[in-house]
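Structure assessment
The lines below spell out each chain.
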Amino acid sequence: GAGVSQSPSNKVTEKGKDVELRCDPISGHTALYWYRQSLGQGLEFLIYFQGNSAPDKSGLPSDRFSAERTGGSVSTLTIQRTQQEDSAVYLCASIPDRVSADTQYFGPGTRLTVL
Amino acid sequence: DAKTTQPTSMDCAEGRAANLPCNHSTISGNEYVYWYRQIHSQGPQYIIHGLKNNETNEMASLIITEDRKSSTLILPHATLRDTAVYYCIVPLADSWGKLQFGAGTQVVVTP
């Protein structure tokens, strides 16, 4: 079946511009996570959505970052007024229902470069 | 997450078994051991997880010692496509899926 998809695969933007990153989770998966991974670094949790519950935004690094998940499926991560330190690979993961939250299925990521 | 220790790198010949060790001596009784891998320029991929019994799936086998302080991921017949960074993690029971990866083991499968 189709896996998690993310778009765009690459995004180059200028400092100060806003960007939107999209994640399409696996159909039927109820939980969705956003992470970022900087060059040579580990995963940094950003936000997660679980069903109809309020999202856990505890990992968002600043108020320039926001995310929404419409209809319990597609999610969009928005970064406003991008900075060079926002350059990273942004990863989305989804989790099927009734399994451990630690069993995650990742998309290929969006590589964001802020010039 | 409970701290895990893995070798920085290891090589494996194509077609041979790759045995990847992981130490997790501070693991608690209800914490699972998870393995993920990340092929270059791709997202992480879940491989397998276990609590105390050995586990096997289509990708790999996981052997956990009786005292649960270490484990070994076994790729039975390594292929060139198995070249990746392999991460052994022990998520906290209340981490709610907020995964944290360490440096992992860079596995290079050679022809």
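Here's a quick rundown of the structure. Just so you know, these numbers come straight off a predicted model, no measurement behind them.

Details of the overall build of chain A
Secondary structure summary: chain A contains zero helices and 10 strands in total. The linear arrangement of helices and strands in chain A, starting from the amino end, is β-β-β-β-β-β-β-β-β-β. Projecting the C-alpha coordinates of chain A onto the three principal axes gives extents of approximately 40 × 25 × 25 Å. Across chain A, the fraction of contacts at a sequence separation of at least 24, relative to all contacts at a separation of at least 6, is 55%. Accessible surface for chain A amounts to roughly 5,700 Å². Of this, 44% is attributable to carbon and sulfur atoms.

Observations concerning the state of the cysteines
Residue and element names in this part refer to chain A. The final tally for this structure, using the stated rule, is two disulfides over all chains. Paired through a disulfide, Cys 23 and Cys 92 show a sulfur-sulfur distance of 1.8 Å. Here Cys 23 and Cys 92 share a disulfide; its torsion about the S-S bond, -60°, makes the bridge left-handed. Here Cys 23, found in strand β3 (residues 19–24), pairs with Cys 92, found in strand β8 (residues 88–95); they are 69 residues apart in sequence, far enough to count as distant.

Digging into the environment of Gly 59 of chain A
Residues and elements named next belong to chain A. As for its position among the elements, Gly 59 is in the loop between β5 (43–50) and β6 (65–69). Classification of Gly 59 by relative accessible area gives buried; the value is 15%. Counting along the chain gives 12 residues from Gly 59 to Gly 71, while the straight-line C-alpha distance between them is 23 Å.

What about the sheet that holds strand β2 (residues 18–23) of chain B?
Residues and elements named next belong to chain B. Pairing is antiparallel in the open sheet, where four strands are placed in the order β2-β7-β6-β5. At either end of the open sheet lies a strand with only one pairing partner, and these are β2 and β5 (55–56). Inspection of the sheet shows β2 paired to strand β7 (residues 70–75) by six bridges, in the antiparallel sense. Across the sheet, the residue bridging to Leu 20 is Leu 73, located in β7.

Points about the layout of surface pockets
Summary: where empty space remains is shown by rolling a probe the size of a single water molecule over the atoms. As a volume, the largest pocket reaches approximately 710 Å³. Contributing to the lining of the largest pocket are 30 residues, with Gln 37 and Arg 111 of chain A together with Gln 38, His 40 and Ser 41 of chain B lying nearest its centre. For the lining of the largest pocket, the secondary-structure elements that each account for two or more residues are β8 and β10 (110–114) of chain A together with β8 (84–89) of chain B. Looking at the lining of the largest pocket, the element that brings in the most residues is β10 of chain A, giving four residues. Residues belonging to the lining of the largest pocket are distributed by class as follows: 10 nonpolar, 18 polar and two charged. There is about 330 Å³ of room inside the second largest pocket.

Focus on the packing of aromatic side chains
Here the structure, examined in full by the defined rule, presents 12 aromatic pairs over all chains. Seen in terms of ring centroids, Phe 45 of chain A and Tyr 48 of chain A are 6.1 Å apart; in terms of plane orientation they differ by 55°. Their pairing is tilted. One aromatic cluster is present, formed by Tyr 33, Tyr 35, Phe 45, Tyr 48, Tyr 105 and Phe 106 of chain A together with Tyr 34, Tyr 36, Tyr 46, Tyr 87 and Phe 101 of chain B through successive ring pairs.

Here's the deal with the pattern of salt bridges
Residues and elements named next belong to chain B. Applying the stated criterion across every chain yields a total of five salt bridges over all chains. Where Arg 37 meets Asp 82, a salt bridge forms, and the shortest distance between an N and an O atom there is 2.8 Å. In this pair, Arg 37 sits in strand β3 (residues 33–38) while Asp 82 sits in the loop between β7 and β8, placing the two residues 45 residues apart along the sequence. Each member of the pair, Arg 37 as well as Asp 82, is classed as buried.

Digging into unusual backbone geometry
Cis geometry marks the peptide bond from Ser 7 of chain A to Pro 8 of chain A; its omega dihedral reads -10°. Here Pro 8 of chain A is to be found in the loop between β1 (5–7) and β2 (10–13). One non-glycine residue, Arg 81 of chain A, lies in the positive phi region at around 45°. As for its placement among the helices and strands, Arg 81 of chain A is situated in the loop between β7 (75–79) and β8. By relative accessible area, Arg 81 of chain A is classed as partly exposed at 42%. Even without a glycine there, the phi angle at Arg 68 of chain B is positive, about 65°. Its place among the elements puts Arg 68 of chain B in the loop between β6 (61–64) and β7.

About the criteria used
For every chain, the first residue of the written sequence is number 1, and numbering continues from 1 along that sequence. Think of it this way: whatever chain is written first is A, whatever ligand is written first is 1, and the rest follow in order. In keeping with the model being predicted, local features are shown solely for residues with a pLDDT of at least 70 and side-chain atom pairs are shown and tallied solely at 80 or more, while totals for entire chains, interfaces and linings include all residues. Heavy atoms from the whole structure form the basis of all side-chain values; hydrogens and water molecules are not counted. Labels follow the DSSP assignment, with helices taken as runs of H or I lasting at least four residues and strands as runs of E lasting at least two, numbered in each case from the N terminus. It only takes one pair of heavy atoms within 4.5 Å for two residues to be counted as in contact. The Shrake-Rupley method, run with a 1.4 Å probe sphere, supplies the accessible areas, and residue values consider only the shown protein chains as cover. Cysteine sulfur pairs qualify as disulfides if the two atoms are within 2.5 Å. Categorising residues by exposure relies on relative accessible area from a 1.4 Å probe, with only protein chains included: less than 20% of the type maximum marks a residue as buried, more than 50% marks it as exposed, and the intermediate range marks it as partly exposed. In this description, strands pair whenever DSSP reports at least two bridges between them. The method works on a 1 Å grid over the protein atoms by themselves. A cavity is a set of points holding a 1.4 Å probe that cannot get out, a pocket is an open set with protein on both sides within 12 Å along at least five of seven lines, and residues with an atom within 4 Å of a point line them. Grid points are joined across faces, edges and corners, and a volume is the space filled by probe spheres set on the points. Here the nonpolar group is Ala, Val, Leu, Ile, Met, Phe, Trp, Tyr, Cys and Pro; Asp, Glu, Lys and Arg are the charged ones; every other residue, Gly included, is treated as polar. Only rings of Phe, Tyr and Trp enter the pairing, Trp through its six-membered ring, and a pair is recorded when the two centres are within 6.5 Å. The plane angle decides the type: under 30 degrees is stacked, over 60 is edge-to-face, the rest tilted. A pair is scored as a salt bridge if a Lys or Arg side-chain nitrogen falls within 4 Å of a carboxyl oxygen belonging to Asp or Glu.

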